[in-house]
Amino acid sequence: MSSAQTAGPETLGRMSDEPQGKDPSTKKAKSITGKSPMRIAMGRLMRDKIAVVCLATVVFFVLIAIFSGVLQRLFGVDTDTVLPSQFLDLDGIPRPEYGPPYGAFTMEHPFGIAPRTATDNLAYWLEGARNSLQIATLATVVATIVGITLGLLAGFLGGVVDKVISFITDFFLTLPFLLAALTIAPIVSERFRDNPNYVTIQVTQLVLVLAFFGWMGLARLIRGEVLSLREREFIQAARVLGMPTHRVLLRELMPNLAAPIVVSTSLMLPAFVSAEAGLAFLGIGITSRPSWGQTLTQATSFFNDYSLYLWQPLLGIVALVLALNLLGDAVRDALDPKTRR
Amino acid sequence: MFAYVVKRLLAGVLVLFLVSMSIFLLFWYGPNEPARVMCDTKTSNRCNAERLDRFTEELGYNNAWYAEYGDYVKGVFVGRDITVAAQTTRCDAPCFGLSYKNGKPVWEDMKDRLPATFSVAIGGATLYLLLGVPLGVAAARRRGTVQDKALVSSFLFLSSVPYYLFALLTWLFFSLKWEVPLIGDTGYVPLTESPTAWFGGLALAWICLGIFGCTQYTRYARGAMVEALSEDYIRTAKAKGLPTRTVVYRHGLRAALVPIVTIFGIDFGTLLAGTIFTERIFDIEGIGLWSLRAVMQRDLPIVSATALFSAVVLIMANLIVDLVYSILDPRVRLS
């Protein structure tokens, strides 16, 4: 067992093919046949070059998000507001000595400074990455929990519970996410504007709105899987043995649902990253913290003179969303090679 | 068939009732001081506690919510009179209340903005089909070739990028930077005023929506065509000596179109319900941009009216799709 683990992807890669050794009953061949489906999938994923590049990109962004504060201190930059007039010319464009568009990059502000506000771009970019990933991750966690719970209940209990949950799922699928976010944003800001915890409330609201419009797909998927699994012998055996329902659900059903959950979670993340930036771009996402979407809006009006300012958040969003999306596709292919195009 | 239609209609009415009530309740219990914006506007920002109380009373926020909800629904169907600050405004059906900012009935402004959204939706949806289906069919016929693979992978790439970035870049380059004549000047001009300006102002928005939205249709059309072309009746048609064109479009495509009709109905409904990103980026004065502005100004009656409108459009679209689908494929009625 341990020898196969240290052997890494090479060994795992070979095991889906015919046994390579002269004698298939040697110790090594035996230890390989004991691999779980998840590890076989991992092996397939690691052999997929696009997936590895995407994984590296995602890891890069995750590290940036985690160490945003450290990186900012390292580069000596921060998101504090400054007095703009001292850094900008009369059009609101940074003066040449402070960096692009007319000057060279400086060490004090590696990404340049923003037009109109003269804040540091690198600090805003790093914080934007952090907020984006933080909100997307939280929303994914909440949506996954809601989706799994409702899907399990609907599929396993059936009857009236199934009817009600399926109706709620269809109901939520009808509602357009963007309009719901647009409707809820002014209400929340109206209610909590003067609250000292406004920043936290806004983030929580955004996470909840994203999650509440992202769980339906997973719930449907889980329900379908459970419907077919619950008639299988091992579930019947567990019930005959008198296993309590919650144990049947968690111990018997859940491990069989791991693959669909992993796939849909990995495709939820890019959707939420994209949605977060999109809402911020429209001005109905987070407004009290830096976000790539906000920078995008501000940069639009300076595009002709200072296009670099726009490319920074834009490339951030594209790279992260694209990497997460392609990684999600690769994970799906790895778990179920039949779907590969 | 009749029983199915009645069942679907009843479900639609139930969903409509639930949605309208949730929107109403959200705007009823949501804001702390619902009358604040109206009060600020009417008193030129000299709103104090006493005046706020008066406006709260006048706007009906001291009454029970179900009574006010009843009034709201009645207003939508037959219209009603609304009295604010000793000034009675006749709000004709469909009445969605008065705007907090300019005091006019919401519907009066809304009906001026609907044509813009409809224009965007109709043009975009047409391109979905015009680009998506032929590309999908062509890819299916050349399955496995380099062209097919290039198309599939480039569309996979395209659909992985957020739509608003694609639209924003299109606008930035075509409109702002290169100032392309005719299509560079985006915005909405009524068709009756100047057909060329109408077309030019919306062309970029349509192209963006079309290219981005057609990826899904290409995928579906390709998948369905690949499946259809391997059926026995296609081989029979070929064996009979029918021309390839007839085999592909008459026999193959017809079978492949049923699922496409379904997603098209929903997509068209979604577009009609509001194309917020498109309108915001291309500066088209439709209901999406309008409600976005209302959000910024905290003009809640407008926001609730657009939310309600979109919900109605989407529910209707779902209903129509279900009914059409049951005609195209009678098996659904039984399940």
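Residues numbered from 1 in each chain as written. Chains lettered and ligands numbered in written order. Predicted model: local features only at pLDDT ≥ 70, side-chain atom pairs only at ≥ 80, totals over all residues. Heavy atoms only, no water.

As annotated in an unreviewed UniProt entry, chain B is ABC transporter permease from Nocardioides cremeus. You can read under Sequence similarities (unreviewed entry) in the UniProt record for chain B the words "Belongs to the binding-protein-dependent transport system permease family." Among the UniProt annotations of chain B, the heading Subcellular location (unreviewed entry) holds the following wording: "Cell membrane". (UniProt positions renumbered as here; feature names shortened; annotations may be inferred.)

Peer 1: An account of the packing of helix H5 (residues 106-141) of chain B against helix H10 (residues 244-272) of chain B is needed here, citing residue identities and associated values.
Peer 2: Residue and element names in this part refer to chain B. Packing of H5 against H10 brings their axes to within 10 Å, and their N-to-C directions diverge by 145°. Considering only the axes of H5 and H10, their crossing is right-handed. Note on element contacts: H10 touches H5 through Thr 244, Val 248, Tyr 249, Leu 253, Ile 260, Phe 264, Asp 267, Phe 268, Leu 271 and Leu 272, opposite Thr 117, Phe 118, Ala 121, Ile 122, Gly 124, Ala 125, Tyr 128, Leu 129, Val 133, Val 137 and Arg 141. Its residues placed into classes, the contact of H5 with H10 shows 16 nonpolar, three polar and two charged. (Axes fitted to C-alpha atoms, helices over the stretch in contact; angles between N-to-C directions. Helix = DSSP H or I, 4+ residues; strand = E, 2+ residues; numbered from the N terminus. Left-handed = near helix turned anticlockwise from the far one by under 90°. Contact = heavy atoms within 4.5 Å. Nonpolar A, V, L, I, M, F, W, Y, C, P; charged D, E, K, R; others polar.)

Peer 1: Residues and numbers for the pairing of strand E1 (residues 80-84) of chain B, please.
Peer 2: Residue and element names in this part refer to chain B. Here E1 shows a clear split, with Arg 80, Ile 82 and Val 84 buried on one side and none of Asp 81 and Thr 83 buried on the other. Sheet topology note: the E1/strand E2 (residues 87-91) ladder contains five bridges and is antiparallel. By the bridge assignment for E2, Arg 80 is matched with Cys 91. From the end of E1 to the start of E2, which pair antiparallel, there are two residues, and Ala 85 there has a positive phi angle of about 50°. (Buried < 20%, exposed > 50% of the residue type's maximum accessible area, 1.4 Å probe, protein only. Pairing = 2+ DSSP bridges.)

Peer 1: Summarise the state of the cysteines; cite the residues concerned and give the values.
Peer 2: All names here are of chain B. This structure, assessed with the given rule, holds one disulfide over all chains. In this structure Cys 208 is not part of a disulfide, and its nearest cysteine sulfur, from Cys 214, lies 12 Å away. Judged by relative accessible area, which is 2%, Cys 214 ranks as buried. (Disulfide = S-S within 2.5 Å.)

Peer 1: Let's hear about the interface of chain B and chain A: which residues, and what values?
Peer 2: A common way to state how big an interface is: give the accessible area lost once the parts meet. Residue-level contacts link 44 residues of chain B with 38 residues of chain A. Here chain B meets chain A over a buried area of about 3,800 Å², counting both sides, of which 78% is carbon and sulfur. Run the count over chain B and chain A and you get five residue pairs in polar contact (both at pLDDT 80 or more). The element best represented in the side of chain B that touches chain A is helix H7 (residues 163-177) of chain B, accounting for nine residues. (Buried area = accessible area lost by both parts, 1.4 Å probe. Polar contact = N/O pair within 3.5 Å; in protein donor to acceptor, adjacent residues only side chain to side chain.)

Peer 1: Give a detailed account of the nonpolar core, specifying residues and quantitative values.
Peer 2: Side chains of a nonpolar character, in soluble globular proteins, are inclined to be buried together. Residues Leu 296 of chain A together with Phe 282 of chain B are the most contacted members of the largest nonpolar core, which totals 173 residues. Both domain 1 (26-105) and domain 2 (107-334) of chain B contribute no fewer than three residues apiece to this core. (Core = buried A, V, L, I, M, F, W, Y, C linked by side-chain atoms within 4.5 Å. Domains from an automatic or database assignment.)

Peer 1: How would you explain the environment of Ser 301 of chain A if you had to name every residue and give the values?
Peer 2: Positionally, Ser 301 of chain A belongs in the loop between helix H14 (292-300) and helix H15 (307-335). Reaching out from Ser 301 of chain A, the side chain makes a polar contact with the backbone oxygen of Gln 298 of chain A at a distance of 3.2 Å.

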